[in-house]
Structures are given as C-alpha cells and as structure tokens.
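# Structural overview
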Amino acid sequence: MFSTLRCSRLLLPITTRSSTSCNYSSQRTHHHAMLRRWNSNNAKDSTSKQQQSTTFLERFLAPKTMPPRYTPKWYAEMMLICTVFGITGSTTMVVVRPAVTDVLKLEGNMRDGPWSYRICSLVIMTPIYATLLVCVGTVFGRHAYFRHFSVKMWSRFGVPPELMDKNFHKNAKNFKKW
C-alpha cells in the first residue's frame, strides 16, 4: 500500500492504489507536491529564525507602534510617555541648578534673574535635557520615540537632523505626536 521515494536526504511516503499496480505519474505528482510543501515550510522556518535571531537589545530599542487612540493601551502608553518627560525634566533641573551656581558661580533663578543666569541655564539645560530624554526613554523601552523627539528638538535650534539621524525624514512619517 505504501512505498517510499527517496529524494536527497528525505524519505517521502507515497500512497499507491495497489501494491501490484504502481501509477508512477501520480507518485511523481504527489512527490513534487510534498517537496513543494516541505520547501515552503523550510522557507517560513528560515524567515522566522531570522526574526528570532534579533537580539533582546535590538527588539528593545526598535520602534514600537502606537496603539489606537482612547484604548486602554493608548492610555498606558501616554502615562509612560508623561512619566518619562516628568523624570527627565526633574532630573535636568536637579543637575543644571548646581552646575550653574557652583561651576559658573552665578546666583539667581529663572524668575528674578539675572539675565546671565537665565541664559546660561537654558544653554546648559538643552543638551542635558535632550541626552537625559533619550536615556530615560531607553530605560522605559521607548528609545526610538524619544530619540526622534530629541532630534526634532535639536533641529528646531538649527542643527540639521541628518547629522544625528540619517533616517529622520523616513521615520518622521511614522512618528505620531500623541
């Protein structure tokens, strides 16, 4: 009832109508169909192995898709983004104030002045904030989002975004503000 057809390292069972009368054309057709299925399964396995071969770090740093608006996942994503901005802003102020007063020996604050304190604070704060934003965003698993945000911030100060991220304009199409 069953016969086998050997093809390289593969044994494929082929059914025949009877053990005495073999229909070789149906065997060949069946064999080719089985071989095609086997090859397509191996092709799927190799692509899934390629997808699985990415490291944890590559998956962690890869862009995440924004969930649909007003869903529970979207609210969780917004909470995470607001948390990152809050931590970054607070940490920047904790770092910049002592840097301006202790290192530059300027006394004052943003509301009362003097102007030298205000200008130096802003000049020092901008690169620290951009750097901390990417670092804290990476810790929270949203490296691509906050990197794009940081590059966009620097581009508003006149720095061409291509200097920091060569794929900035390509990624900007997928970047959602919310």
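Below is a short write-up of the structure. (Residues numbered from 1 in each chain as written. Predicted model: local features only at pLDDT ≥ 70, side-chain atom pairs only at ≥ 80, totals over all residues. Heavy atoms only, no water.)

## Here's the deal with helix 4 (residues 115-139)
With 25 residues, helix 4 ought to run about 36 Å at 1.5 Å a step, and its terminal C-alpha atoms sit 35 Å apart, in line with that. When the local axis directions of helix 4 are compared, the greatest deviation, roughly 30°, occurs at methionine 125, which is followed within four positions by the proline proline 127. For helix 4, every residue scored as buried is listed here: Tyr117, Arg118, Ser121, Met125, Thr126, Tyr129, Ala130, Leu133, Val134, Val136 and Gly137. Turning to helix 4, the residues buried within the fold contact helix 3 (72-103) and helix 5 (143-156). The first or second residue beyond helix 4 is glycine 141, which carries a positive phi of 85°. (Helix = DSSP H or I, 4+ residues; strand = E, 2+ residues; numbered from the N terminus. Expected span 1.5 Å × (residues − 1). Bend = angle between axes of the 7 residues up to and from the residue. Buried < 20%, exposed > 50% of the residue type's maximum accessible area, 1.4 Å probe, protein only. Contact = heavy atoms within 4.5 Å.)

## A few points about helix 3
Along an α-helix, residues three or four positions apart point the same way, because every turn accommodates 3.6 residues. Taking 1.5 Å of rise per residue, 32 residues should cover 46 Å, and helix 3 covers 46 Å from first to last C-alpha, within 8% of that figure. Along helix 3, the positions that sit buried rather than exposed are Trp74, Glu77, Met78, Ile81, Val84, Thr88, Thr92, Val96, Val100 and Thr101. If you follow the buried residues of helix 3, they end up packed against helix 4 and helix 5. Of the residues one or two after helix 3, lysine 105 is the one with positive phi, at around 55°.

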